[in-house]
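Observations on chain architecture
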Amino acid sequence: MPGSAAGWRINLWVCGSGSFINIIAMTIMLPFLPHYLGTLGDYSERDTYLWSSLIYSLTFITAALFAPLWGRVSDAHGCKINLVRASVGMFFCMTLMGFATTAWQMAFLRLLAGVAGGYTSGATILMAKEAPESHAGQAQGVLFACILSGSLAGPMLGGFLSAYVGMREAFLLSGALILLNVLATVFLVREAHVSRRHTAKDRSRKRPLNASIWALLIATMALLVANLSVEPIIYSIVDGIDHEPLATSSAAGIVLSATALGSLLSALCLGRLADRYGAMRVAMVGFGVGAVLIVPQAFATDAYTLALLRFAMGLALGGVLPCLKAAIKHLHADAGSLGHIMGLSTSFQYIGQVAGPMMGGVVAAYWGMATVFHVTAAVALACALMLAAVTASASQVRDV
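An account of the accompanying structure is given in this report. (Residues numbered from 1 in each chain as written. Predicted model: local features only at pLDDT ≥ 70, side-chain atom pairs only at ≥ 80, totals over all residues. Heavy atoms only, no water.)

**Digging into the overall build of the chain**
Helix and strand counts for the chain come out as 17 helices and zero strands. In terms of overall size, the chain behaves like a compact globule, its C-alpha atoms giving a radius of gyration of 21 Å where 400 residues would be expected to give roughly 21 Å. Looking at the chain as a whole, 53% of its 400 residues qualify as buried. For the chain, restricting intrachain contacts to residue pairs at least 6 apart in sequence, the fraction spanning at least 24 positions comes to 85%. Averaging the locations of the 23 positively and 17 negatively charged side chains of the chain gives two centres separated by 17 Å. (Helix = DSSP H or I, 4+ residues; strand = E, 2+ residues; numbered from the N terminus. Rg over C-alpha atoms; globule rule 2.2 N^0.38 Å. Buried < 20%, exposed > 50% of the residue type's maximum accessible area, 1.4 Å probe, protein only. Contact = heavy atoms within 4.5 Å. Lys, Arg positive; Asp, Glu negative; His and termini not counted. Charge placed at Lys NZ, Arg CZ, Asp CG, Glu CD.)

In structure tokens, the structure reads:
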């Protein structure tokens, strides 16, 4: 029944598996995208790289722009209908990518996927509304773990399918998986807290976001910056330190995978700690410990030490995002606009996904690769101090 323990857990199972599938679909093309473009036209090596970057980035740019809108749709009409809309949109986009004949068509479909998609952000909103307050961190942690798992499984599955089945078939199979997700969402998701549609008078009464919510949104963006700042230069970093007997590319992949593995384990654990000790406090400690673990990465002399430090950093920072989501739910009293706030949070995530690698590349180009770690640690530390100030302010208000 909706609202029961079984009800929200079934929703979490469907939303988690659906987010896993959608992230697989978003990342399945990574291993073969340049090669796929080669089958669509006679592109130079430079044009292939440019098209590959544009095609992959367009989805996240449009998703960031439209996430608040779909959050409002969830507030006005319910989360389930928004999840069905997003999964149907992704089904058509991914399936049509398997029939694309030009790079322009691929770019348009990826752009449309960002506009029409948004299943993972919709799942976040649904679980923020449906999960009991005592399990809010756990629910967000499980969702984030599913998203991370999808980002790890997508490229691996794409590489396997493109090699043994076919590149176009990889898109068609991902579309088929999303179709299963559509059916599961339609028949299994039950929504107990459907917000009434707000009138203009209701909307005019909404208060502006307070400083605490803005702090959480900024921390959400900064978290992605901290996690992704070294990704564009990781090959160069590993190439400059001892990585024998592995090739540079293999060692770089291990370093990145170590971070993802630590984040995955953390997402499953820190959410429960947030339910017990407070989401804001756990996020604050995660940022602080993460900052401490980032600094020595600049001085690592071999890839294995760097991988261990990145794994530990993943443990510290990986579960922070679910904590920030849970804290937003706790602080935002207006349940009727929770979807809009969660949509904004998703937009800040996507901005961080773009800003993090850009910052890393620019800092490395002008001040050196070691400086990237120092700047990233400063970002994490600034977030820890900001959340500490917000926590202290909230404590003073309660005391009064």
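**A look at the nonpolar core**
Core analysis: the biggest nonpolar cluster contains 84 residues, and Met127, Phe287, Leu324 and Leu387 have the highest contact counts within it. Of all the elements, helix α10 (residues 211-228) adds the most residues to this core, at nine residues. With residues up to four places along the chain from it excluded, the contact list for methionine 127 reads Trp8, Asn11, Leu12, Cys15, Ala139, Gln140 and Leu143. (Core = buried A, V, L, I, M, F, W, Y, C linked by side-chain atoms within 4.5 Å.)

**Quick notes on the packing of aromatic side chains**
Applying the stated rule across the entire model yields six aromatic pairs. Ring plane angle 65° and centroid distance 6.3 Å describe the contact between tryptophan 214 and phenylalanine 348, whose orientation is recorded as edge-to-face. In this pair, tryptophan 214 sits in helix α10 while phenylalanine 348 sits in helix α16 (residues 338-367), placing the two residues 134 residues apart along the sequence. Each ring, one from tyrosine 366 and one from tryptophan 367, has its centre 5.9 Å from the other, and the planes form 50°; the classification is tilted. It is arginine 85 that lies over the ring of tryptophan 70; its NZ or CZ is 3.5 Å from the centre. (Phe/Tyr/Trp six-rings, centres within 6.5 Å; stacked < 30°, edge-to-face > 60°. Lys NZ or Arg CZ within 6 Å of the ring centre and 35° of its normal.)

**Focus on the packing of helix α3 (residues 45-77) against α16**
The interhelical angle for the contact between α3 and α16, taken along N-to-C directions, is 170°, at an axis separation of 6 Å. For the element pair α3 / α16, the angle class is roughly antiparallel. Listed contacts from α16 to Phe60, Ala63, Ala64, Ala67, Pro68, Gly71, Arg72 and Asp75 of α3 are Leu338, Gly339, His340, Gly343, Leu344, Thr346, Ser347, Tyr350 and Gln353. A per-class count over the contact of α3 with α16 returns eight nonpolar, seven polar and two charged. (Axes fitted to C-alpha atoms, helices over the stretch in contact; angles between N-to-C directions. Parallel < 35°, antiparallel > 145°, perpendicular 65-115°, else oblique. Nonpolar A, V, L, I, M, F, W, Y, C, P; charged D, E, K, R; others polar.)

**So, the side chain of threonine 59**
With respect to the helices and strands, the residue threonine 59 is situated in helix α3. A polar side-chain atom of threonine 59 sits 2.7 Å from the main-chain carbonyl oxygen of arginine 110. Among all residues touching threonine 59, those that are not within four sequence positions of it are Met26, Arg110, Leu111, Ala113 and Gly114. (Polar contact = N/O pair within 3.5 Å; in protein donor to acceptor, adjacent residues only side chain to side chain.)

**Examining helix α14 (residues 303-317)**
Between its first and last C-alpha, α14 extends 20 Å over 15 residues, near the 21 Å set by a 1.5 Å rise per residue. Listing the buried residues of α14 in full gives Ala303, Leu306, Ala307, Leu309, Arg310, Met313, Gly314, Ala316 and Leu317. For α14, the N-terminal cap is aspartate 302; the gap from its side-chain oxygen to the backbone nitrogen of tyrosine 304 is 3.0 Å. (Expected span 1.5 Å × (residues − 1).)

**Looking at the side chain of glutamate 191**
Structurally, glutamate 191 is set in the loop between α8 (167-188) and α9 (200-204). Look at glutamate 191: it is buried, it has no salt bridge, and the nearest opposite charge is lysine 129 at 5.4 Å. A distance of 2.7 Å separates a polar side-chain atom of glutamate 191 from the backbone nitrogen of cysteine 79. Among the polar contacts listed, one links the side chain of glutamate 191 to the backbone nitrogen of lysine 80, at a separation of 3.0 Å. (Salt bridge = Lys/Arg side-chain N within 4 Å of Asp/Glu carboxyl O.)

**Regarding the packing of helix α13 (residues 279-294) against α14**
Orientation of α13 relative to α14, taken along the N-to-C sense of each, is 170°, at an axis distance of 8 Å. Between α13 and α14, the angle is such that the two are roughly antiparallel. Remark: the crossing between α13 and α14 carries left-handed chirality. Two secondary-structure elements touch here, α13 through Gly286, Phe287, Val289, Gly290, Leu293 and Ile294 and α14 through Leu309, Ala312, Met313, Ala316 and Leu317. Tallied by class, the residues present in the contact of α13 with α14 amount to nine nonpolar, two polar and no charged. (Left-handed = near helix turned anticlockwise from the far one by under 90°.)

**Looking at the environment of phenylalanine 287**
Looking at where phenylalanine 287 falls in the secondary structure, it is placed in helix α13. You can call phenylalanine 287 buried: its relative accessible area is 0%. Expressed as a C-alpha distance, the spacing of phenylalanine 287 and leucine 387, which sit 100 residues apart in the sequence, is 9.1 Å. Apart from the residues lying within four places of it in its own chain, the contact partners of phenylalanine 287 are Ala219, Leu223, Leu317, Val320, Ala380, Cys383, Ala384 and Leu387.

**Describing unusual backbone geometry**
Residue glutamate 244 is joined to proline 245 through a cis peptide bond whose omega torsion reads 5°. Inspection of the secondary structure puts proline 245 in the loop between α11 (234-239) and α12 (248-277).

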